[in-house]
Amino acid sequence: GAAAGAAEVHRLADLAWRALCYTNDARLSAAVAGRLFPSPLAATAAQLESFAACPFQHFAAYGLGLAGRADGAGGGGVSPLHLSRVYHDALEAVVASGLNQTARFADLPPAELSAIARKKAHEIAEELRGAAVMAEARTRYLIDRVARTLDMVLGTVRAQLARGAWGPMKAGVEFGPGAPKLAGPTIDCGGGKAVRLRGRIDRVDVAPDGGLAVYDYRLGENKLSAAGVYHGLSLRLLACVLVLDRAGGRAGGKPLVPVAAFCARLLRSPQQKPHPDECLDPASADFLLATKPRGAFRESHFRTFDPETAGGYSPVLAAFVTKDGGYGMRNASDVATGDEFDALVAFVEHKVAELAGGVLGGHVGVEPYLYHDVSPCPRCEFRSVCRFEPGPNRYRKLVSLGREDALNAMREAVGARHGAGGGAGVGAKRQVASGGVDGGGGPAVKGGDDVR
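Position labels on residues start from 1 in each chain and follow its written sequence. Confidence filtering applies because this is a predicted model: local features only for residues at pLDDT of at least 70, side-chain atom pairs given and counted only at 80 or more, and all residues used for totals across whole chains, interfaces and linings. To get the side-chain values, all heavy atoms of the structure are used, and hydrogens and water are removed first.

S.K.: When you look at the environment of T309 in this model, what are you seeing that I'm missing?
M.R.: Here a strand is any run of E in DSSP of at least two residues, a helix any run of H or I of at least four, and the numbering for each starts at the N terminus. Structurally, the position occupied by T309 is in the loop between α12 (302–305) and β11 (312–313). Here D306 takes part through its side chain, which lies 2.5 Å from a polar atom of the side chain of T309. For this analysis, a polar contact is any N or O atom pair within 3.5 Å, provided that within protein one partner can donate a hydrogen and the other can accept it, and provided that sequence-adjacent residues contribute only side-chain to side-chain pairs.

S.K.: Help me understand the packing of helix α3 (residues 45–53) against helix α13 (residues 338–360) in this model?
M.R.: Geometrically, a packed helix pair is captured by the angle between its two axes and the distance between the axes. Only the contacting stretch of a helix is used when fitting its axis, a line to C-alpha atoms as for every element, and angles between N-to-C directions run 0 to 180 degrees. Across the interface, α3 lies against α13 with an axial gap of 10 Å and an inter-helix angle of 70°. Judged by the inter-axis angle, α3 sits roughly perpendicular to α13. Contacts between α3 and α13 involve L48, F51 and A52 from the first element and V352, L355, A356, G358 and V359 from the second. Roughly parallel means an angle under 35 degrees; roughly antiparallel, over 145; roughly perpendicular, 65 to 115; everything else is oblique. Residue contacts are defined here by distance: any two heavy atoms, one from each residue, within 4.5 Å place the two residues in contact.

S.K.: Explain the state of the cysteines here, please?
M.R.: Joining two cysteines, a disulfide is a covalent bond between their sulfur atoms. We call a pair of cysteine sulfur atoms a disulfide when they lie within 2.5 Å. Overall, the coordinates contain zero disulfides when judged by the stated rule. With no disulfide partner, C54 has as its closest neighbouring cysteine sulfur the one in C386, 6.4 Å distant. The exposure class of C54 is buried, given its relative accessible area of 7%. Note on exposure labels: buried denotes an accessible area under 20% of the residue type's maximum, exposed denotes more than 50%, and partly exposed covers the range between, all computed with a 1.4 Å probe on protein chains only.

S.K.: Teacher, can you tell me more about unusual backbone geometry here?
M.R.: Peptide bonds are trans in most cases, and residues, glycine excluded, mostly fall at negative phi. The amide bond that connects S39 to the next residue, P40, takes the cis arrangement and shows omega of 0°. Along the polypeptide, P40 turns up in the loop between α2 (30–36) and β1 (41–43). Backbone geometry at R387 places phi at a positive 60°, although glycine is not the residue there. Here R387 lies in the loop between α14 (383–386) and β16 (396–397).

S.K.: Could you clarify how one ought to interpret the packing of aromatic side chains in this entry?
M.R.: To describe a pair of aromatic rings, you give the distance between the ring centres and the angle between the ring planes. Stacked, tilted and edge-to-face are the three classes assigned to paired rings of Phe, Tyr and Trp, where Trp is represented by its six-membered ring and a pair needs centres within 6.5 Å; plane angles under 30 degrees give stacked, over 60 edge-to-face, the rest tilted. Summed over all chains, the structure comprises 11 aromatic pairs. Ring plane angle 55° and centroid distance 5.0 Å describe the contact between F388 and Y395, whose orientation is recorded as tilted. Three or more aromatic residues link up through ring pairs in this structure, and these residues are W166, Y215, F262, F297, F302, F305 and Y327. Positioned above the aromatic ring of Y215, the side-chain terminus of R203 is 4.0 Å from the ring centre. Working rule: Lys NZ or Arg CZ, within 6 Å of ring centre, within 35 degrees of ring normal, means a charge sits over the ring. Looking at K351, its charged tip hangs above the ring of Y230, at a distance of 5.9 Å from the centre.

S.K.: Sorry if this is basic, but what is going on with the pattern of salt bridges here?
M.R.: Once their charged atoms are close, side chains differing in charge can pair, the charge on each being opposite to the other. Salt bridges are defined by distance alone: a side-chain nitrogen of Lys or Arg within 4 Å of a carboxyl oxygen of Asp or Glu. For the structure shown, the criterion picks out 20 salt bridges. With a closest N to O distance of 2.8 Å, D334 and R294 form a salt bridge. Of this pair, D334 sits in the loop between β13 (327–328) and β14 (335–336) while R294 sits in strand β10 (residues 294–298), and the two are 40 residues apart along the sequence. On the basis of relative accessibility, which here comes to 3%, the residue D334 falls in the buried class. Overall, the relative accessible area of 12% leaves R294 in the buried class. The network of salt bridges with common partners includes E299, R330, E340 and R403.

S.K.: Would you mind going over the sheet that holds strand β12 (residues 320–321) with me for this structure?
M.R.: The strands making up a sheet are joined through hydrogen bonds of the backbone, oriented either antiparallel or parallel. Two strands make a pair as long as DSSP finds a minimum of two bridges between them. Across the sheet, which stays open at both edges, the three strands sit in the order β11-β12-β13 with antiparallel pairing between neighbours. Looking at strand neighbours, the two that pair on one side only are β11 and β13, the edges of this open sheet. Relative to β12, β11 runs antiparallel, the two sharing two bridges. Residue G312 lies in a different strand from β12, and its bridge partner there is V321.

S.K.: Just to check I follow, could you spell out the sheet that holds strand β5 (residues 199–206) for this structure?
M.R.: If you trace the six strands from one edge of the open sheet to the other, you get β2-β5-β6-β9-β10-β14, paired in mixed fashion. Only two strands of the sheet have a single neighbouring strand rather than two, namely β2 (167–175) and β14. Where helix α10 (residues 236–247) meets the sheet, it contacts β2, β5, β6 (211–218), β9 (257–265) and β10, and its direction lies at approximately 150° from that of β9. Sheet strands touched by α13: β9, β10 and β14. Its angle to β10, the strand with the most contacts, is close to 125°.

S.K.: What is the right way to look at the packing of α3 against helix α4 (residues 55–63) in this model?
M.R.: It is at 5 Å that the axes of α3 and α4 come closest, and there the two elements cross at 135°. Taken as axis vectors, α3 and α4 run oblique relative to one another. Across from A46, Q47, S50, F51 and A53 in α3, the residues of α4 making contact are P55, Q57, H58 and Y62. Each residue receives one of three labels: charged for Asp, Glu, Lys and Arg, nonpolar for Ala, Val, Leu, Ile, Met, Phe, Trp, Tyr, Cys and Pro, and polar for the others, Gly being one of them. Its residues assigned to classes, the contact of α3 with α4 shows five nonpolar, four polar and no charged.

S.K.: Looking at this model, I keep getting lost on helix α5 (residues 80–99). Mind explaining?
M.R.: Each full turn of the α-helix corresponds to 3.6 residues, which orients residues three or four apart in the same direction. By definition here, a helix of n residues has an expected span of 1.5 Å times n minus one. For α5, spanning 20 residues, the distance from its first C-alpha to its last is 29 Å, which sits close to the expected 28 Å at 1.5 Å a residue. By the criterion of burial, α5 is predominantly enclosed, with 14 of the 20 residues buried.

S.K.: Explanation requested: the environment of A26 in the structure shown.
M.R.: Looking at where A26 falls in the secondary structure, it is placed in the loop between α1 (2–20) and α2. With 336 residues separating them in the primary sequence, A26 and G362 have C-alpha atoms 9.9 Å apart. Each residue touching A26, except ones within four places of it in the same chain, is listed here: F56, V364 and G365.

S.K.: Teacher, can you tell me more about the environment of V348 here?
M.R.: Tracing the sequence through the fold places V348 in helix α13. Classification of V348 as buried rests on a relative accessible area of 0%. Along the sequence, V348 and A45 sit 303 residues apart, while their C-alpha atoms lie 9.9 Å from each other. Apart from the residues lying within four places of it in its own chain, the contact partners of V348 are V229, L235, L238, A239 and L242.

As structure tokens, this is what we get:
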């Protein structure tokens, strides 16, 4: 009896010890990785951002094809993804309609644009959820709210364009493998492997000198963080710039060169004033221009967006003009020198290659990042699968970087990859694709997967 009891104690102790020494490690063999993620990898920037956030999160979503529970399941609700689709497709329809007219987009009748947006919003909503669900009061309210928000968004777009020399060139620009005209560049990942970006650009505007501005619609405000770009967590916007730049193209004998990239906020916050009489008129230019697009733009093209501001804060962009005509408050603005803008775009190519190389190499570790006190875990749909616990497991802590430090780190990384003199900047490695970006129709593509 004593011997049997001692054996049982040893058995239980062995089981407990294994549990205490458990390492939450995940690996893929080279053969399995090659079958799940063949080279050249066709990936969206959002997919690579997921890998940068946590390799296992990426594996669960893009390797295993797992998905979280649908929002509003069983209740007929409208999810944020559904609302995003309504906003994006309705705005694309409005811009496409404006391109078919001779007048400047900023001069088109607001009522006409509003009617197009509302019609498209209701069509898409019915397609997504079905006519029966549309009969629910809650859903009807949400769709009506979308229509009202679209009126404000279109008012903002018209007010911004009216201040400068820009105009929409194309909407819903698809790129990547299988895209009719904008194939996108093939990026070398090393070891004989490569990646091809795929996705969709919400809107491309053009300036008289051939400058291009990329717009990515976002439900909420999304300032472009240099540290986020450096760590691979904010690639979607600049990946669109990279694709357009490598495609090349000309219009009226002038090269088409990306000079700006913006996240355009769709949802509006309520005005917080002591008294309703102090609130701005929703139809006024001050109200419409209060929601500025955020991102990065070359300082050489500021006057094409805002030719009127002689000093102080620009009402159109996140920029501060000094008394001598320069630009101040750089850490809080979106102004970038030519060298800084080139460094951002060149680094995105470097980071895409690095992250795609990790995907192709079969890296699926449970390694969520931790930046200050932020991690992807609270929002992750696969927490029940990975079994990550902050105590026994370790976060992958990211270095905190300011704007200048992040830009310097980007330059060093690109320089190390491409040798002395740095890497490819904007326009340095253009590959003019047949039927790509052209002055006649611009990047004439619609439909396909969204870069988001």
